[in-house]
Amino acid sequence: MWRVVPVRVRVLWWCCCSGWFRGFDRSHLFTLVDSIELEPVTAERAVADAVEFVRAVRNRRGDWIGETVVLERDGVKSVVRVDVDSFASELWRKVLRDKRRPRMLSRRHLAVCVFSYLAAELRSGDIAVAGSDSYANLHAQLMSWDECAPLVEQFCAQAGMPSEASELHSLTWPASAVLRESSPASFRLDMTTRLDLNREREAYPQAS
């Protein structure tokens, strides 16, 4: 199974990027999507939710479809919605919408749009695929602090830097002060930067 998943993902990604599926039977593309488990890596789920939407309405036949539809599965009704404004570009939104059909989307163009953005999300790592190596969730592969803590002393020794926070601050503060003074005024006046500097001065008054 672990060898099959990467092949399916690569085929899916190639289809979405190349536009090959636009003149092809879309059912094959949906079959590929159904065979893998997508995992949004960030809190932004717009594209993942859009994929679920086009999967849910795949059997519709009309050229136009509402942004919100009610589906019934096993006697249970559920509301499914797609928010193209949250991920699609302005050009895509012009293609998907028609002023004469408010709150309606072009069904066929929507599938092309969603799968194109899915390819981009897979490439950037914002959407991962369960069981895949090349498209795995990189965040899940990071070491926890409990795993890193015992290695801090060794790492700092190899990097030639102090492991204590106060010593590290004393070492880096003069250099950071030079960078701040040489930065453009717009950067120095940035609210976030000023707030960070105020916090540092409160924590280390002797360095300011």
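Shown above is the structure to which this text applies.
Anyway, here's the lowdown on the structure attached to this text. Model, not experiment: these values are computed from the prediction.

1. Quick look at the packing of helix α3 (residues 46-56) against helix α5 (residues 107-124)
Helix packing geometry: the angle between the two helix axes and the distance between the axes.
Consideration 1: Following both chains from N to C, one finds α3 and α5 inclined at 140°, their axes separated by 9 Å at the closest point. Classed by the angle they form, the pair α3 and α5 counts as oblique. In this structure, α3 meets α5 at a crossing whose hand is left-handed. Taken together, the residues of α5 that come into contact with α3 (itself represented by Val47, Ala50, Val51, Phe53 and Val54) are Leu110, Ala111, Val114, Phe115, Tyr117, Leu118 and Glu121.

2. Some thoughts on the side chain of Glu121
Consideration 1: Mapped onto the elements, Glu121 comes out in helix α5.
Consideration 2: Within the buried set, Glu121 has no salt-bridge partner at all; the shortest N-O distance to an opposite charge, 8.7 Å, is to Arg123.
Consideration 3: Glu121 has contacts with Val47, Asp126 and Ile127, leaving out every residue within four places of it along the chain.

3. As for the nonpolar core
Consideration 1: Leu38, Phe53, Val84, Phe87, Leu110, Phe115 and Leu118 are the most contacted members of the largest nonpolar core, which totals 34 residues.
Consideration 2: Looking at this core, the elements that each hand over two or more residues are α2 (26-34), α3, β3 (68-73), α5 and β6 (127-129).
Consideration 3: Discounting chain neighbours no more than four positions away, the residues touching Leu38 are Val51, Leu118, Leu122, Ile127, Ala128 and Val129.

4. What about α5?
Consideration 1: In this model α5 runs 26 Å from its N-terminal to its C-terminal C-alpha over 18 residues, within 8% of the 26 Å that 1.5 Å per residue would give.
Consideration 2: All of the buried residues along α5 are Arg107, Leu110, Ala111, Val112, Cys113, Val114, Phe115, Ser116, Leu118, Ala119, Glu121 and Leu122.
Consideration 3: Positive phi appears at Gly125, one or two residues downstream of α5, with a value of about 90°.

5. A short note on the packing of aromatic side chains
Consideration 1: Under the defined criterion, the tally for this structure stands at two aromatic pairs.
Consideration 2: An angle of 70° between the planes, with centres 5.4 Å apart, marks the rings of Phe30 and Phe115 as edge-to-face. With Phe30 in helix α2 and Phe115 in helix α5, this residue pair connects regions lying 85 residues apart in the sequence.
Consideration 3: Owing to a relative accessible area of 1%, Phe115 belongs among the buried residues under this scheme.
Consideration 4: Aromatic side chains Phe87 and Tyr117 sit 5.3 Å apart centroid to centroid with 80° between the ring planes, which places their arrangement in the edge-to-face category.

6. A few points about unusual backbone geometry
Consideration 1: A positive phi angle is found at Arg103, which is not glycine, with a value near 60°.
Consideration 2: The topology assignment puts Arg103 in the loop between α4 (90-96) and β5 (104-106).
Consideration 3: For Arg103, a relative accessible area of 64% corresponds to the exposed category.

7. Regarding the environment of Asn59
Consideration 1: One can find Asn59 in the loop between α3 and β2 (64-66).
Consideration 2: Assessed through its relative accessible area of 60%, Asn59 is described here as exposed.
Consideration 3: Separated by 32 residues in sequence, Asn59 and Ser27 place their C-alpha atoms 9.5 Å apart.

Conventions used here
- Residues numbered from 1 in each chain as written.
- Predicted model: local features only at pLDDT ≥ 70, side-chain atom pairs only at ≥ 80, totals over all residues.
- Heavy atoms only, no water.
- Axes fitted to C-alpha atoms, helices over the stretch in contact; angles between N-to-C directions.
- Helix = DSSP H or I, 4+ residues; strand = E, 2+ residues; numbered from the N terminus.
- Parallel < 35°, antiparallel > 145°, perpendicular 65-115°, else oblique.
- Left-handed = near helix turned anticlockwise from the far one by under 90°.
- Contact = heavy atoms within 4.5 Å.
- Buried < 20%, exposed > 50% of the residue type's maximum accessible area, 1.4 Å probe, protein only.
- Lys, Arg positive; Asp, Glu negative; His and termini not counted.
- Salt bridge = Lys/Arg side-chain N within 4 Å of Asp/Glu carboxyl O.
- Core = buried A, V, L, I, M, F, W, Y, C linked by side-chain atoms within 4.5 Å.
- Expected span 1.5 Å × (residues − 1).
- Phe/Tyr/Trp six-rings, centres within 6.5 Å; stacked < 30°, edge-to-face > 60°.

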